[in-house]
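This is what each chain is made of:
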Amino acid sequence: MSSSSRTRFDQELTDLAHNLLVMGSAVEQQIRDAVTCLVNHDLKLAEQVIQNDDIVDHYHHQIEDESIRLFATQQPVASDLRTITTALKIIVDLERISDYAENIAQTAARLEDPSLLTPLADIPQMAQIAQTMLRDVLQAYVNRDISLAEEVYQTDDSVDQRYRNVFDTLRHLMESDPRNVYQGMELLLVARYLERIADHITNVADWVIYMVSGTHRRNHKNNGKAEA
Amino acid sequence: MADALQQPALAQPKLAVHDLNVYYGNFQALHAIDLDIQEHAITALIGPSGCGKSTFLRCLNRMNDLIADARVEGSVLLDGEDIYHPRVDVAALRKRVGMVFQRANPFPMSIYDNVAYGPRIHGVRSKERLNHIVESSLRKAALWDEVSDRLNKNAMGLSGGQQQRLCIARLLAVEPEVLLMDEPASALDPISTMHIEELMISLKDAYTIVIVTHNMQEAARVSDTTAFFLNGELVEAGETEQIFHAPREERTEAYISGRFG
Ligand SMILES: Nc1ncnc2c1ncn2[C@@H]1O[C@H](COP(=O)(O)OP(=O)(O)O)[C@@H](O)[C@H]1O
Ligand SMILES: [Mg+2]
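Conventions used here
Each residue is numbered by its place in its chain's sequence as written, counting from 1. Labels follow written order: the first chain is A, the first ligand is 1, and so on. The predicted nature of this model means local features are confined to residues of pLDDT at least 70 and side-chain atom pairs, given and counted, to a pLDDT of 80 or more, with totals for whole chains, interfaces and linings taken over all residues. To get the side-chain values, take all heavy atoms of the structure and skip hydrogens and water. For this analysis, residues touch if any pair of their heavy atoms sits within 4.5 Å. The term buried area denotes the loss of accessible surface (1.4 Å probe radius) that occurs when two parts are joined, taken as the sum for both partners. Salt bridges are counted wherever a side-chain nitrogen of Lys or Arg sits within 4 Å of a carboxyl oxygen of Asp or Glu. Pairing of N or O atoms within 3.5 Å defines a polar contact, subject to two protein rules: one partner must be a possible hydrogen donor and the other a possible acceptor, and residues neighboring in sequence count only if both atoms are side-chain atoms. Secondary structure elements follow DSSP: runs of H or I of four or more residues count as helices, runs of E of two or more count as strands, with numbering from the N terminus. In this count, Pro and Cys sit with the nonpolar residues alongside Ala, Val, Leu, Ile, Met, Phe, Trp and Tyr, while Asp, Glu, Lys and Arg are called charged and the others, Gly among them, polar. In these notes, a set of buried Ala, Val, Leu, Ile, Met, Phe, Trp, Tyr and Cys residues joined through side-chain atoms within 4.5 Å is what counts as a nonpolar core. Think of it in three bands: with a 1.4 Å probe and only protein chains considered, a residue is buried below 20% of the maximum accessible area for its type, exposed above 50%, and partly exposed in between. Expected span of a helix, by definition, is 1.5 Å for each gap between consecutive residues, and there is one gap fewer than residues. Of the grid points, spaced at 1 Å and generated over the protein atoms alone, those admitting a 1.4 Å probe that cannot get out make up cavities, while open sets with protein on both sides within 12 Å along at least five of seven lines make up pockets; any residue with an atom within 4 Å of a point is treated as lining. Grid points are joined across faces, edges and corners, and a volume is the space filled by probe spheres set on the points. Pairing between two strands is assigned when DSSP locates at least 2 bridges connecting them. Note on geometry: axes are C-alpha line fits, over the in-contact stretch for helices, and angles between N-to-C directions span 0 to 180 degrees. For classification purposes, angles smaller than 35 degrees are called roughly parallel, those larger than 145 roughly antiparallel, those between 65 and 115 roughly perpendicular, and all remaining angles oblique. The handedness criterion is simple: a crossing whose near helix is rotated anticlockwise from the far helix by less than a right angle is left-handed, and one whose near helix is rotated clockwise is right-handed. Scored from 0 to 100, pLDDT reflects the predictor's confidence in each residue.

For the rest of this paragraph, the subject is the interface of chain B and chain A. Facing ten residues of chain B, the contacting portion of chain A comprises twelve residues. Summed over both partners, the interface of chain B with chain A buries about 960 Å², with 48% contributed by carbon and sulfur atoms. For the pair chain B and chain A, the interface holds two salt bridges. Aspartate 80 of chain A is the partner of arginine 259 of chain B in a salt bridge, and the nearest nitrogen-oxygen pair spans 2.8 Å. Across the contact surface, chain B and chain A share seven residue pairs in polar contact (both at pLDDT 80 or more). Mapped onto the side of chain B that touches chain A, the elements with two or more residues apiece are helix 10 (240-245) and helix 11 (250-256) of chain B. A breakdown of the residues in the side of chain B that touches chain A according to their chemical character gives four nonpolar, four polar and two charged.

With that settled, the discussion passes to the nonpolar core. Within the largest apolar cluster, 69 residues are counted, with the highest numbers of intra-cluster contacts made by Ile123, Val137, Leu170, Leu187, Leu194, Ile197 and Ile201 of chain A. Mapped onto this core, the elements with two or more residues apiece are helix 1 (3-40), helix 2 (43-74), helix 3 (78-110), helix 4 (122-143), helix 5 (146-176) and helix 6 (181-213) of chain A. Tallying contributions element by element places helix 6 of chain A first for this core, with 16 residues. Leave out the neighbours within four places in its chain, and isoleucine 197 of chain A touches Ile31, Ile97, Tyr100, Ala101, Ile104 and Ala130 of chain A. One finds Val115, Ile168, Leu172 and Ile209 of chain B within the second-largest nonpolar core, a separate group that totals 48 residues.

Residues and elements named next belong to chain A. Structurally, glutamate 28 can be placed in helix 1. Note on glutamate 28: relative accessible area 8%, which makes it buried. Apart from residues no more than four positions distant in its own chain, glutamate 28 is found in contact with Gln131, Leu134 and Arg135.

Working note: α-helix, 3.6 residues per turn, so residues spaced by three or four point in the same direction. Between its terminal C-alpha atoms helix 4 of chain A stretches 31 Å, which fits the 32 Å expected from 22 residues at 1.5 Å a residue. Note on helix 4 of chain A: the residue one or two positions beyond its end, arginine 144 of chain A, has a positive phi of about 50°.

Residue and element names in this part refer to chain B. Taken as a whole, the largest pocket holds about 560 Å³ of empty space. For the largest pocket, the lining is made up of 20 residues, of which Arg94, Gly98, Met99, Leu171 and Val174 are closest to its centre. Those elements that place two or more of their residues in the lining of the largest pocket are helix 3 (90-96), strand 6 (97-100), helix 4 (111-121) and helix 7 (160-172). At four residues, strand 6 tops the list of elements feeding residues into the lining of the largest pocket.

Residues and elements named next belong to chain B. Positive phi, close to 55°, is recorded for histidine 40, a residue that is not glycine. By secondary structure assignment, the location of histidine 40 is in the loop between strand 2 (27-37) and strand 3 (42-46). The exposure class assigned to histidine 40 is partly exposed, which follows from its relative accessible area of 38%. If you check the backbone angles, asparagine 231 has positive phi at about 45° while not being a glycine.

Residue and element names in this part refer to chain B. In space, the four strands of this open sheet follow the order 2-1-4-5, with antiparallel pairing throughout. One side of each edge strand has no neighbouring strand; the edge strands of this open sheet are strand 2 and strand 5 (81-82). Where strand 1 (residues 15-24) and strand 2 come together, seven bridges link them in antiparallel fashion. By the bridge assignment for strand 2, valine 17 is matched with leucine 35.

The next subject is the pattern of salt bridges. Side-chain pairs of opposite charge can arise where the charged atoms are in close proximity. Applying the stated rule across the entire model yields 29 salt bridges over all chains. Here arginine 69 of chain A makes a salt bridge to glutamate 66 of chain A, at a shortest N to O gap of 3.0 Å. With arginine 69 of chain A and glutamate 66 of chain A both in helix 2 and three residues apart, the pair spans about one turn of that helix. Linked by salt bridges that have partners in common, Arg6, Asp10 and Asp80 of chain A together with Glu253 and Arg259 of chain B make up one network.

What follows covers the packing of helix 1 of chain A against helix 2 of chain A. Residue and element names in this part refer to chain A. Axis separation between helix 1 and helix 2 bottoms out at 10 Å; the angle between their running directions is 160°. With respect to helix 2, the element helix 1 is oriented roughly antiparallel. As helix 1 runs across helix 2, the sense of the crossing is left-handed. Grouping the constituent residues of the contact of helix 1 with helix 2 by class yields 17 nonpolar, eight polar and five charged.

Quick look at the sheet that holds strand 6 of chain B now. Residues and elements named next belong to chain B. Across the sheet, six strands lie side by side as 6-7-8-3-9-10; this open sheet has mixed pairing. A single partner strand is all that each edge strand has here, and the edge strands are strand 6 and strand 10 (233-239). The average undirected angle you get between the axes of adjacent strands in this sheet is 15°. Direction of pairing for strand 6 relative to strand 7 (residues 178-182): parallel, over a ladder of four bridges. Each residue of the ladder has a partner; that of glycine 98, found in strand 7, is leucine 179. Sitting on the sheet, helix 7 is in contact with strand 6 and strand 7, with an inclination near 170° to strand 6. Relative to the sheet, helix 8 (residues 190-203) contacts strand 3, strand 7 and strand 8 (208-212), its axis offset from that of strand 8 by approximately 150°.

Turning next to helix 6 of chain A. Residues and elements named next belong to chain A. Helix length check: helix 6 (33 residues) gives 48 Å between terminal C-alpha atoms against 48 Å at 1.5 Å per residue, within 8%. Counted residue by residue, helix 6 has 26 buried out of 33 residues, so it is predominantly covered. Just beyond helix 6, the residue with positive phi is glycine 214, at close to 90°.

Next up on the list: the confidence of the model for chain B. Detailed reading of predicted coordinates is not advised where the pLDDT is low. Here chain B averages 93 in pLDDT, and 96% of its residues register 70 or above. Low confidence marks residues 1-5 of chain B, where pLDDT is under 50. Its contacts with residues over four positions away, or in another chain, come to zero contacts.

Per-residue confidence for chain A gives a mean pLDDT of 92, with 95% of residues at or over 70. Across residues 222-228 of chain A the pLDDT falls below 50, and counting only partners more than four positions away or on other chains, this stretch makes 14 contacts in the model.

Right under this line is the structure:
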């Protein structure tokens, strides 16, 4: 490869990383807005989250096309190969996260009475933690920081813990008063979506570790948990 | 089969190079190279021009003996036996470890005589035996179908890619064990290159192949092991998949991804 074509390739890799960050922060915004519209019962914001999912899909396809073009034209090897593969994998997780945010916004739009949320402080907290995880994992991606990615991976446990709290509380509320069942089921789904969102973020963390080190986390440690 | 039973648990490398240093006069071209070359596999040597790939290749069948001021230190074991031992018959060694060069160099004689050349030198006289060797060598070199009706035509009339396959057939005719190929496809068009690459892959079950190539994609496509040389040093050697996916050395990464210079 001539040095000028290498320079162009480096620029294209920088653009790819940039686009991934733009997509990532759009997805972070989606998580924030989805829970905000739920808590504030803001139907307009819910509508916006549902619409913004199309923008995330658009980024997904744009980065996908760009990655495939780089495979075809640059035949990347070594860290270039891993960087582009990682981009292709990460966008799938980001896109799924945005879908879950959309699902939460749809729930918010359906729920006429979100009064049960009051005893469920764990739900906004889960969203808060997920946003931090997402921000950190994108930071880890940009800085090629394995230990930060590993931290993100560990943080998932506290999301799981909160999911179990929500589950127990809701079961109790539904058992004690059947009128809570409709709202309770909807909010249980919301908690489930947030728990899945955090799992997808750990997948991203796993890919960042792969991109930097050349091996997957499952080969570093034997306590892997990210499911597809 | 008995053969399989006799296979040792950890296969002995076909060629074991240890602490190899090569000098041209005062200039040291290779520094303390250690490399095992596995049997029935393709080993690719990569690295920038002048890093010592051809020098290394020539050490494997003592072609450096032919260079007046070249001096070789260290050991090269072929099936466990030192090829630099004074009692080694160099002609017999070069029959076992043959070389194909960058520029196809057929002799200006018929296709048939090119292939029969080596066996004749080694004393094969029977017409029937020679016919058999010529046909089977040309078949192994994937050239038979293209030349079987013009074996008595001059080899210089073949295309570049055909000439290179003829040179491989000429080598196979003396029944070597190791094939050394110094940029065998670098002067060829993409289709001929593909023929040579397919040929190498088809030959590796029966031979041990060491190839020098400038073409990263070629190394990645055909070889099992890749060794990266730089300034006369072996920077890194490993499974080709590992070298192109996650090299251990930054200098390897820089070279294979075109970040050098
Ligand atoms: N016959 C020779 N006499 C003196 N120097 C040589 C000779 N052959 C090669 N060299 C030098 O040894 C180094 C390695 O050359 P070579 O093995 O041909 O490298 P490569 O095949 O990787 O391009 C180069 O610096 C080259 O100039
Ligand atoms: Mg050379």
